[in-house]
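An overview of the molecular structure
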Amino acid sequence: MRGRLRARRRALSPEQQRRAGRALARRVVCLRAFNCARRVAFYWPSDGEIDVRDAMHEAHRRGKAVFLPVIPGGRGRRLAFGQMTASTRLRANRFGILEPDTRRLVTAPQLDLILLPLVAFDVCGNRVGMGGGYYDASLGYLRQRRRWRRPRLLGVAHELQRVDHIDVDRWDVALDGVVTDQAFYPSPSAKT
């Protein structure tokens with residue numbers, strides 16, 4: 001499934017990607033989770049992922065602190081997040097994905113909202129990622145929390161990445177919802 005859905009999103013034309021990114025941004029900026037957040041993590045799109053840069057620009061315009069994930073060096077799996085400003089330089093990580101070139105990093109609990117890329121999702125808030133386990137390792141502490149969850153987690157994707165059902169493993173971290181270019185799917189137990 002992972003390979004098939006990655007191929008489908010990569011097959012979208014540049015114009016389809018631009019339209020999807022604009023539509024996604026219009027949906028994201030209307031969400032309570034976005035409007036209440038002061039510190040929001042996005043990602044730099046690659047491999048056909050839906051483009052979140054319009055939403056990122058709107059977050060900047062509204063005075064929110066914007067962050068991008070930074071892949072740890074060595075064998076670590078926990079992401080850190082570097083702030084993006086107008087003067088932030090970007091560099092390619094070992095996967096060729098752009099990330100902030102900074103030593104000043106924050107951890108996931110210091111953020112209010114994370115927009116996560118995904119390969120597939122279902123309407124119950126389950127996701128299939130790229131397979132590296134970085135987000136699950138970084139957000140595993142949220143599995144223990146029932147009341148106060150910070151940050152809020154929203155998956156973002158093209159509508160064509162929705163599937164009927166995803167089997168959940170014990171290490172998977174559920175999303176609070178998924179936003180696509182066509183709809184918002186709140187998780188059954190989430191307050192977004």
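Residues numbered from 1 in each chain as written. Predicted model: local features only at pLDDT ≥ 70, side-chain atom pairs only at ≥ 80, totals over all residues. Heavy atoms only, no water.

1. Observations concerning the pairing of strand S11 (residues 177–180)
Note the cut-off: Partly exposed residues are those whose accessible area sits between 20% and 50% of the maximum for their type, while under 20% is buried and over 50% is exposed, using a 1.4 Å probe and protein chains only. Only DSSP runs of H or I covering at least 4 residues are called helices, and only runs of E covering at least 2 are called strands; the numbering of each starts at the N terminus. Note on pairing: two strands pair once DSSP finds at least 2 bridges between them.
Every second residue of S11 is oriented toward a common face, with Gly177 and Val179 on one face and Val178 and Thr180 on the other, all of them buried. Here strand S10 (residues 152–157) pairs with S11 via four bridges, running parallel. Bridge assignment links Val156 to a residue of S11, and that residue is Val179. Taken together, the three bridges between S11 and strand S12 (residues 184–186) define a ladder with antiparallel strand orientation. Residue pairing across strands places Val179 opposite Phe184, the latter belonging to S12.

2. Some thoughts on the pattern of salt bridges
Rule in force here: The working definition used for a salt bridge is a side-chain nitrogen of Lys or Arg within 4 Å of a carboxyl oxygen of Asp or Glu.
For the structure on display, the rule yields 14 salt bridges. Across the pair Glu15 and Arg18 runs a salt bridge, and its minimum N-O distance is 3.1 Å. Pair noted here: Glu15 and Arg18 are both in helix H2 (residues 14–28), with a separation of three residues, about one helical turn. Taking relative accessible area as the criterion, Arg18 reaches 45% and is therefore assigned partly exposed. Across the salt bridge formed by Arg162 and Glu159, the nearest N and O atoms sit 2.9 Å from each other.

3. Structural notes on H2
Heads up, the rule is: What a helix is expected to span follows from its residue count: subtract one and scale by 1.5 Å. Contacts between residues were defined by any pair of non-hydrogen atoms, one from each residue, lying within 4.5 Å.
When the terminal C-alpha atoms of H2 are compared, their 21 Å separation across 15 residues agrees well with the 21 Å that a helix rising 1.5 Å per residue should span. All buried positions along H2 are accounted for by Gln17, Ala20, Gly21, Ala23, Leu24, Ala25 and Val28. The inward-facing, buried residues of H2 abut helix H1 (2–10), helix H3 (32–36), helix H4 (53–61), strand S7 (113–117), S10 and S11.

4. Re the sheet that holds strand S2 (residues 65–70)
In plain terms, the rule: Note on method: axes are straight lines fitted to C-alpha atoms, helices fitted across the in-contact stretch only, with angles between N-to-C directions ranging 0 to 180 degrees.
What the eight strands build is an open sheet, ordered S6-S3-S2-S1-S7-S10-S11-S12; its pairing is mixed. Where the open sheet ends on each side, the last strands, each with one partner, are strand S6 (105–106) and S12. Strand direction decides the pairing type here: S2 and strand S3 (residues 80–84), joined by five bridges, are antiparallel. Counterpart to Leu68 in the pairing with S3 is Gly82. Together, S7, S10 and S11 form the strand contacts of H2, whose direction differs from that of S11 by roughly 135°.

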